[in-house]
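Observations on the model geometry
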Amino acid sequence: MLRAGGAILARSIYSRSAGGTHGRYGLGPSSVHSCHGSKRVILDQTRCFFFGSGSHDGSDGDDKKDGGKKKKKDADDTNEEKKDDSSKGDKIEPADKSDKSDQSATLNNSSKYKKSRPGSAYSSSGNSNVLLPASRLGFGDQAPRYPHLMALPVLSRPVFPGVLTPLTITDKETIKSLEKIVNGGSGGYLGLFLKKDHHNDVGKGLEPLKPEIITDPSDLYKVGTFAQIQRLTKSNNADEDDEDSAHLFTGNPSNADHGMNNESSESDDPKPYASLLLMPHRRIDLLSVDEVGPPIDVTVSHWDRLKYVRGEDSSRDDTIRALSQEVLGTIREVAQMNALFKEQVVNLVPSSHMFDMNDPFRLADFAAALSIGGGTEDLQAVLEEKDPELRLHKSLVLLSKEKEVSKLQREISAKVEEKMSEAQRKYFLTEQLKSIKKELGMEKDDKETLIEKYRKKLAEYPSIPAEIHEIIESELDKFSHLEKNSAEFNITRTYLDWLTNIPWGVVTTENFNITSARRVLDRDHYGMDEVKETILQFIAVGKLKGSVQGKILCLAGPPGVGKTSIAESVAAALGRKFYRFSVGGMSDVSEIKGHRRTYVGAMPGKIIQCLKSTGSSNPLVLIDEIDKLGRDHRGDPASALLEVLDPSQNHTFRDHFIDAPVDISKCLFMCTANDLGRIPGPLLDRMEVIQLSGYDVPDKLEIAEKYLVPKSMVNSGLMIDESEAAKDDESVEEENKESQDEATEEAEERLPTYQLAEGVPDSLSIERSALESLVRWYCREAGVRNLQKKIDKITRLLSLQVVAEEEGAQLTDKSSRKSESWTVSSDNLHEYVGKPIFTSDRLYEKDPLPHGIVMGLAWTSMGGSALYIETQGIARGLDSEGKRRGGGTLKTTGQMGDVMKESTQIAYTVARARLAELDPTNSYFDDTDIHMHVPEGATPKDGPSAGITMVTAMLSLATDKPIKSDLAMSGEVSLTGKVLAVGGIKEKTMAARRAGIKTIVLPEDCRRDWDELPDYLKEGLDIHFASDYSSVYDIAFGR
């Protein structure tokens, strides 16, 4: 039954091969003879599965009762093959009569082959690089049993007996040894052993060894295959010295093609190699590796033919029969699902009588050889297995894996085909729908629809410049003649999209009511009188002229003073649209002026994007962080902004993408900066600069009470804004009002009103004393951003305490409320924001100050601060001659900048000159080294404003006179003693008041800045102005 099943399997597989298997693969009997002994040597370039006679009695593993029938059948098959070959014109000589063993249709040693090469060691078959063995001593179990062999390692998978296998050899010594074997007349036999862990060499990061070379005998598995060389083909440069390595491979038909065709190399410098065609015969055990080579010499022992006799164990017979049928069934199923597997089966089964389905050993080898993706160790286990049942079981496991992979492959293929079919179906239906709508007049062509949309959009604009109108018409005409699939179509469409979306002539109605604008500005911001006055002037000019003009303003000041937020309030006060973009770190000119249309993904710059986004030609454009512009190989954005911010040029602004003049002169540009010194001069010259100084304590208290605390309470859920709720309730009623302007005016006049949310205790509040402590001891910076963070921290903790008390939850000691009251005051402020950051305004509390120490006033990014100048004299001893060692040098510390270091040298010179005038007999500076230090050494300091302070400190040290502790000064000193003007007078005055200073000395040129200060800052301060240092000396030392 099994034999019949094998025949059915082979016929079913052959019948499914397109065009017939015999003609396509050359697997019929004639092809087999062509592999053996024909005068023209024709070798099949695929793996063929052959089995010779298993024993001299001809049983080949069959039952003894069927032996005679099988002999007769094999003889008949042989005669039929000869007849078939004769009919095709290939004369086949009979086998050598002196050979008493059975000759099956295999690559056996034949008399025909021997007679054709008398006295020669090898045959070239018409090519000197092709070697054939001079004799073939036997096939299969009839092959000789040499104990000592040359061994070849193989990679990836072992070689099974009966599988015609190609190999490629790259080692020169190994190739020479193979030539000797082929030419030696011993039949060309060698051993094939699977190599272990052949990926390790590459994984170690080293250049891999040649595959046929081993370094350790343990690299080879202990069971291999005894094989015979059928053909050896050398490359033309195989005899040259070349150390480059190639890969050794097994079992791939495409590799066999390469190995058997020495003219297929595409490289200009081909690597030397030799290709082998091997016929494995039987299994062998590796006893020892006599030499690791190359070449590798081994001692082996040959396996005897494993026979399975049915009838000895009926239960075992049933199991083996079931396993055999399952193997055959699985092969048939996989071949039906997987075309690649089917081709593999056809290649390994040239005809059904070349292997015996009744032999479980051969059937298992056949199944294992079919496994394409089998693991190396699993295949080696099949090769090493001697039990027929276990060998069949292991082969079945390999086939089962192939079956699962084939199922998954078929599922993936079905899903992909289904998606493709669905996509094609949708495409066809969509095209049919378009055609039907077009025939019925329900839908126009895409281009016609787009052109109609563009013209409808252009009709909405009040006025389009003549040059722009001409460009648009030209582009529309070109667009109508373009094909939809062309690249130019999408470029032109994008260009028209932008051209038609720029609001040509569209302006928003401005608010010329000064009272209303002032109310809006005061509602959102406290102080900033200069900014508000400038905006009101702008509104008044527009009202008198009856036309809207643009302007360029630059708000400069420390962080957190409201530069960005005031711009949005200005837009609301003017009734303009608001657009903001930051240029901090920007280094690409294309961000301002756009890309050329020829680039992929080109688009206009920020200015054109602003016009499209706002939908008006007169928006308020805020250019944030203009002092932080970058510059690199892509251009200088500061130079690109010159055209944008120049009132005499921006009425014909040209974007690289639009490439047409666009009027942006009606835009109001506002820029923000922290440091004006970092803005290029030509760009700064085009802007009207408004300096925003930091907030003092009263300003911060007002801002916190009116803006920050209510806003934080609302964001934390402790309060609700009733004015916002009223706006929502009245939105429906406002639609019925006669004038929208009246409704807008009423909304502007409505001031925000706040009420505690439901569930919040009525006593919950933040007292003014707490805000004063926050401003004085926690938040001394010029802005209010840090103050906002501290207030948010308080309100969040209050929200947590309210919710925890409502739910009865337990809080940690840090978060729990310590007092019974819900009021936050200066007494319990530390429970919400921690310990104060600043503990004192003065480093020295006693009066007068120690000799050589004077308080100066400095401007920082956080506003103003009191800065002490400390000096200390270092007296030098006498040398052996009675002279002073050292003296007359100045040492400075405190992380001073270059400008401040130069100021110390000037101050030292002025101090020496002034001391010489006051007391010519005083040699303090000649006899003593001076060390000057500015405390807080981790803080960088720079600037010339501490000049008079340094001179006073050194004179105090030299004259041994102290300075009173409530005196502070600021001013630059020249080399001749002139006192020059400095900046930041407001911030410095605020710092002096915070430190408890009563007397201030400032340069005479700063009198105008002092006069502009509010009265509450000047109240209680004794101010002195000096134009020469002599006046400073008189004030400091009380003369």
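Cut-offs and rules
- Residues numbered from 1 in each chain as written.
- Predicted model: local features only at pLDDT ≥ 70, side-chain atom pairs only at ≥ 80, totals over all residues.
- Heavy atoms only, no water.
- Buried < 20%, exposed > 50% of the residue type's maximum accessible area, 1.4 Å probe, protein only.
- Helix = DSSP H or I, 4+ residues; strand = E, 2+ residues; numbered from the N terminus.
- Pairing = 2+ DSSP bridges.
- pLDDT = per-residue confidence, 0-100.
- Contact = heavy atoms within 4.5 Å.
- Core = buried A, V, L, I, M, F, W, Y, C linked by side-chain atoms within 4.5 Å.
- Disulfide = S-S within 2.5 Å.
- Axes fitted to C-alpha atoms, helices over the stretch in contact; angles between N-to-C directions.
- Parallel < 35°, antiparallel > 145°, perpendicular 65-115°, else oblique.
- Left-handed = near helix turned anticlockwise from the far one by under 90°.
- Nonpolar A, V, L, I, M, F, W, Y, C, P; charged D, E, K, R; others polar.
- Salt bridge = Lys/Arg side-chain N within 4 Å of Asp/Glu carboxyl O.
- Patch = residues over 30% accessible without salt bridge, like charges linked within 9 Å, V, L, I, M, F, W, Y side chains within 5 Å.
- Areas by Shrake-Rupley, 256 points an atom, 1.4 Å probe, with all protein chains shown as cover.

Here we take up the pairing of strand 27 (residues 999-1003). For strand 27, the buried fraction is high: 5 of the 5 residues fall into the buried class. Relative to strand 27, strand 24 (residues 967-969) runs parallel, the two sharing 3 bridges. Within strand 27, the residue paired with methionine 969 across the bridge is valine 1001. In terms of strand pairing, strand 27 meets strand 28 (residues 1022-1026) through 5 bridges, oriented parallel. Within strand 28, the residue paired with valine 1001 across the bridge is histidine 1024.

Once that is clear, we can look at the confidence of the model for the protein chain. A low pLDDT means the predicted coordinates there should not be read in detail. Looking at the protein chain as a whole, its pLDDT mean stands at 77, while 76% of the residues score no less than 70. Within the protein chain, no element has a lower average pLDDT than helix 5 (residues 111-115), which sits at 33, and none a higher one than strand 25 (residues 972-973), at 95. Counted against residues more than four places away or in other chains, residues 735-749, with its pLDDT under 50, gives 9 contacts.

The biggest cluster of nonpolar side chains holds 55 residues, and the ones touching the most others in it are Val570, Met670, Leu774, Leu787 and Ile794. If one sorts the elements of this core by residue count, helix 24 (residues 697-715) sits on top with 7 residues. Contacts of leucine 787, omitting those with residues within four sequence positions, involve Lys700, Ala704, Leu708, Leu774, Val775, Cys779 and Glu781. Formed by 53 residues, the second largest nonpolar core is a distinct cluster that contains Ile468, Ala640, Leu645 and Phe657.

A separate point is the state of the cysteines. Under the counting rule described, the total for this entry stands at 0 disulfides. Here cysteine 554 is not cross-linked by a disulfide; its sulfur's nearest cysteine counterpart is in cysteine 671, at 5.7 Å.

With that out of the way, let us pick up the pairing of strand 3 (residues 148-154). Within strand 3, 6 of the 7 residues are buried, which leaves the element mostly enclosed by the surrounding structure. Two elements, strand 3 and strand 8 (residues 296-302), share 4 bridges in a ladder whose sense is antiparallel. Bridging across to strand 8, histidine 148 finds its partner in threonine 299. Pairing between strand 3 and strand 5 (residues 189-194): 4 bridges, direction parallel.

In this section: unusual backbone geometry. A positive phi is found at glutamate 625, a non-glycine position, where the angle reads about 55 degrees. Mapping glutamate 625 onto the fold places it in the loop between strand 11 (620-624) and helix 22 (637-644). A positive phi angle is found at glutamine 895, which is not glycine, with a value near 55 degrees. Position of glutamine 895 among the secondary structure elements: in the loop between strand 22 (890-893) and helix 30 (898-918).

So, about the sheet that holds strand 10 (residues 578-582). The strand order across the open sheet formed by 5 strands is 10-11-14-9-15, and the pairing between neighbours is parallel. Lying at the two open borders of the sheet, with one neighbouring strand each, are strand 10 and strand 15 (688-691). Direction aside, neighbouring strands of the sheet carry axes that sit 20 degrees apart on average. With 6 bridges joining them, strand 9 (residues 551-556) and strand 14 (residues 668-673) adopt parallel strand pairing. Bridge pairing in strand 14 places leucine 555 opposite threonine 672. The strands that helix 19 (residues 563-574) touches are strand 9, strand 10, strand 11 and strand 14; relative to strand 14, the one it contacts most, it runs at about 165 degrees.

Right, let's talk about the packing of helix 12 (residues 376-384) against helix 13 (residues 388-440) for a bit. Running from N to C, helix 12 and helix 13 point in directions that differ by 155 degrees, and their axes come no closer than 9 Å. Judged by the angle between their axes, helix 12 and helix 13 are roughly antiparallel. In the packing of helix 12 onto helix 13, the handedness of the crossing is left-handed. When helix 12 is examined against helix 13, the residues Asp378, Leu379, Ala381 and Val382 are found in contact with a partner set consisting of Arg391, Lys394, Ser395, Leu398 and Lys401. Among the residues forming the contact of helix 12 with helix 13, the class breakdown is 4 nonpolar, 1 polar and 4 charged.

Another aspect to go through is the pattern of salt bridges. Counted by the stated rule, this structure contains 33 salt bridges. The shortest N-O distance in the salt bridge between glutamate 389 and arginine 316 comes to 3.4 Å. Here arginine 316 lies in helix 9 (residues 314-337) and glutamate 389 lies in helix 13, a separation of 73 residues in the sequence. What makes glutamate 389 partly exposed here is its relative accessible area of 26%. Judged by its relative accessible area of 24%, arginine 316 is partly exposed. Between aspartate 636 and arginine 631 there is a salt bridge whose closest N-O contact spans 3.9 Å. Among the charged side chains, a network of salt bridges with common partners joins Arg518, Asp522, Lys532 and Glu533.

This part is about a nonpolar patch on the surface. Judged by side-chain polarity, Leu408, Ile412, Val416 and Met420 come together as a nonpolar surface patch covering roughly 380 Å² of accessible area. Its location among the elements puts valine 416 in helix 13. A relative accessible area of 47% places valine 416 in the partly exposed class.

This part is about the packing of helix 15 (residues 466-480) against helix 16 (residues 487-501). Remark: helix 15 packs on helix 16, axes separated minimally by 10 Å, with the N-to-C direction vectors making an angle of 150 degrees. The orientation of helix 15 relative to helix 16 falls into the category roughly antiparallel. Considering only the axes of helix 15 and helix 16, their crossing is left-handed. In contact with Ile471, Ile472, Glu475, Leu476, Lys478 and Phe479 of helix 15, helix 16 contributes Glu488, Phe489, Thr492, Arg493, Tyr495, Leu496 and Leu499. The residue makeup of the contact of helix 15 with helix 16, split by class, is 8 nonpolar, 1 polar and 4 charged.

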